[in-house]
Amino acid sequence: MTPAVDCDVAIVGAGPAGAAVAVGLHRAGLRVRLLDREPVRPLSGDYDARVYALSPASVELLDVLGVWPAVSGVRASPYTHMQVWENEPAQSLHFDAADARRPLLGHIVEHGVLVQALLAALPPALLQVPAEVTGCRIDADAAVLELGDGSRLRARLVVAADGPQSALRGMLGVDLLRSDYDQTAVVCHVSTERPHQQTAYQRFLDTGPLALLPLADGRSSLVWSTTEAAALLAMDETAFCATLAAASQHVLGGVLACSPRRSFPLQLQQAERYAGERFALAGDAAHVVHPLAGQGLNLGFGDVRVLVETLTAAREARRDPGSARVLGRYQRARLAATREMMAITDGLYRAWRLQLPGWRWLRQRGLQSVNALAPLRQALVRRACDLS
C-alpha cells in the first residue's frame, strides 16, 4: 500500500516568497510544511543590507496574509516620489504617488524584517529548519523529498522557492535560460547631508544605474549596478563616499558615511516552465530580473498571489493540488507577467548601454517627453503600483 502523504504542499525555501506561500496556503486550510537548509536568524539591531521596494499591490498581499502590521510596525519606509535622470537632476523624470491616485508609491522594507514577520505567522510545527533537501522523486500520487538526515517527506505538491541557485529546480529537471549582465551590484546604506524626503532617486550612468532608496532611519539604501564594482569595493570609506556623491550629482548633498559594502553579480534568469506534475516554482527560483526597476520581489509576490488563489480554488473544488492541470493556470499567468517585466527591464538595460551617435540625446529627450506627458507618466506609475 502506498503510504499517505505527510502534507498537501511542501515549500522548499523560507525566503519572502516561500514563506508567503506557506502562510497563504496555511490560512486557506491546506496542510503545509516549510523547509530551509539555514536556521532562522534573529533580526539584527542594524538594518539588513538587503532591501526591497514593495509596490502597493505587494503590501496589499502582505495585509491579506495578516503580516503587514508586523512589518510596518518594525521598520518600513514609505516613499511618495521618484526622481530618474541621466545628465542633470534638473532634467529628471518625476513620478509622484498622486499620479496613481494613491497616498504612496510603495515601501522600502528589509529582507530580515519581512522574513521574520512571515515566519511568525506560521505555527512553529510547520517550519522545518535546518533541513537540506538532497533529492526529489515525483511519483504518481506524491512528490517525495529526501532530506539530509535520511528522512523523507511526501507531499501532494512541492514548491521550489529556494532562490536563484535553486537546487530543487535542478532535481526537478527544469532547464534555465540565463544571460549574464556585465555588471555587479554594490549595496550598502549611506548617510547624506540632505534628507531623502521619502523620495527614491535613480541616475543612469554609462557604467550602470545608481539607485538611492529611502530608509526609515533617515539613511538611504544604495544599489549601484556597475561595471566598475571592483574599484568601488577597493576604495576606503572616504573615497567611496566622495565618489558616490559625485556620481549622484550631489542630489542628497555630500555622502557622510556608509555601512559595509557588499556585492553580487547580475543575471537575467528564466525557468523554462513554472509548473508540472506535482511541482511548482516561485520567486527567484523561477525568475530573476535586473534590479534597475526594483521589481524582483514584487514579481515573486505575484507568484505567491496566483499560486495561493489557484490552490485555494482547487481545495474548494476538492481537486488534487499537485495536478499539472490545476497548476496550468498558475504557469500561464505567471509566465506572461514575468516575460513582460523581463522585456521591460532587459530593454531598459540595453537602451542605456547602447553607444550610438545621438543616442544619448534621444534618451534624454525621451525622459523629458514622458515627464511632459501627464497621461503617459500617470499610466506608468499606476502600472508600477499595481505590479505583483
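Here is a short report on the structure shown in this document.

Rules used throughout
Residues numbered from 1 in each chain as written. Predicted model: local features only at pLDDT ≥ 70, side-chain atom pairs only at ≥ 80, totals over all residues. Heavy atoms only, no water. Pairing = 2+ DSSP bridges. Helix = DSSP H or I, 4+ residues; strand = E, 2+ residues; numbered from the N terminus. Axes fitted to C-alpha atoms, helices over the stretch in contact; angles between N-to-C directions. Contact = heavy atoms within 4.5 Å. Buried < 20%, exposed > 50% of the residue type's maximum accessible area, 1.4 Å probe, protein only. Phe/Tyr/Trp six-rings, centres within 6.5 Å; stacked < 30°, edge-to-face > 60°. Lys NZ or Arg CZ within 6 Å of the ring centre and 35° of its normal. Polar contact = N/O pair within 3.5 Å; in protein donor to acceptor, adjacent residues only side chain to side chain. 1 Å grid on protein atoms, 1.4 Å probe; cavity = no way out; pocket = protein on both sides within 12 Å on 5 of 7 lines; lining within 4 Å. Points joined across faces, edges and corners; volume = space filled by probe spheres on them. Nonpolar A, V, L, I, M, F, W, Y, C, P; charged D, E, K, R; others polar.

## Concerning the sheet that holds strand 7 (residues 106-110)
Alright, step 1. Strand order in the open sheet made by the three strands is 3-7-4, with antiparallel pairing throughout. Edge positions in the sheet fall to strand 3 (51-54) and strand 4 (76-79), since each of these pairs with one other strand and no more. When strand polarity is set aside, the average angle formed by the axes of neighbouring strands in this sheet is 20 degrees.
Alright, step 2. Pairing between strand 4 and strand 7: four bridges, direction antiparallel. If you follow Tyr-79 over to strand 7, its bridge partner there is Gly-106.
Alright, step 3. Strands in contact with helix 2 (residues 56-64) are strand 3 and strand 7; relative to strand 3, the strand with the most contacts, it is inclined by about 100 degrees.

## Focus: unusual backbone geometry
Alright, step 1. Of the consecutive residues Val-129 and Pro-130, the connecting peptide bond is found in the cis state with omega at -15 degrees.
Alright, step 2. Mapped onto the elements of the fold, Pro-130 is located in the loop between strand 8 (127-128) and strand 9 (133-138).
Alright, step 3. We note that Gln-197 has phi near 55 degrees; this positive angle belongs to a residue other than glycine.
Alright, step 4. With respect to the helices and strands, Gln-197 occurs in the loop between strand 12 (176-192) and strand 13 (199-205).
Alright, step 5. In this structure Gln-197 comes out as exposed when scored by relative accessible area, which is 61%.
Alright, step 6. Within the chain, Gln-249 stands out as a residue other than glycine whose phi angle is a positive 55 degrees.
Alright, step 7. Following the sequence through the fold, Gln-249 ends up in the loop between helix 7 (237-247) and strand 16 (255-258).

## Quick look at the packing of aromatic side chains
Alright, step 1. Using the criterion set out here, one finds one aromatic pair in the structure.
Alright, step 2. Seen in terms of ring centroids, Trp-224 and Phe-240 are 6.4 Å apart; in terms of plane orientation they differ by 45 degrees. Their pairing is tilted. Within this pair, whereas Trp-224 is found in strand 15 (residues 220-226), its partner Phe-240 is found in helix 7, the two being separated by 16 residues in sequence.
Alright, step 3. Given the relative accessible area of 4%, Trp-224 is considered buried.
Alright, step 4. Phe-240 gets classed as buried once you look at its relative accessible area, which sits at 0%.
Alright, step 5. Its guanidinium or amino end placed over the ring of Tyr-47, Arg-75 lies 4.4 Å from that ring's centre, counting from NZ or CZ.
Alright, step 6. Cation over ring: Arg-219 sits above Tyr-47, and NZ or CZ is 5.4 Å from the ring centre.

## What to know about the side chain of Gln-269
Alright, step 1. Structurally, Gln-269 can be placed in strand 17 (residues 262-271).
Alright, step 2. A distance of 3.2 Å separates a polar atom in the side chain of Gln-269 from the backbone oxygen of Pro-164.
Alright, step 3. Apart from residues no more than four positions distant in its own chain, Gln-269 is found in contact with Pro-164, Gln-165, Arg-169, Leu-176, Leu-177, Arg-178, Asp-284, Ala-286, His-287, Val-288 and Met-342.

## Examining the layout of surface pockets
Alright, step 1. Empty space within the second largest pocket amounts to approximately 210 Å³.
Alright, step 2. What lines the second largest pocket is a set of 14 residues, among which Leu-61, Val-64, Leu-65, Arg-305 and Val-308 lie closest to the centre.
Alright, step 3. Sort the elements by how many residues they give to the lining of the second largest pocket and helix 8 (residues 296-316) lands first, with five residues.
Alright, step 4. Classifying every residue of the lining of the second largest pocket gives seven nonpolar, three polar and four charged.

## Some points on the pairing of strand 14 (residues 208-214)
Alright, step 1. For strand 14, the tally of buried residues reaches seven of seven residues, placing the bulk of the element in the interior.
Alright, step 2. A loop of two residues connects strand 13 with strand 14, the two strands running antiparallel in sequence.
Alright, step 3. Where strand 14 meets strand 15, five bridges bridge the pair, whose relative direction is antiparallel. Looking at the pairing, Leu-213 lines up with Ser-221 of strand 15.
Alright, step 4. In this antiparallel pair of consecutive strands, strand 14 and strand 15, the connection spans five residues, and Gly-218 shows a positive phi of 95 degrees.

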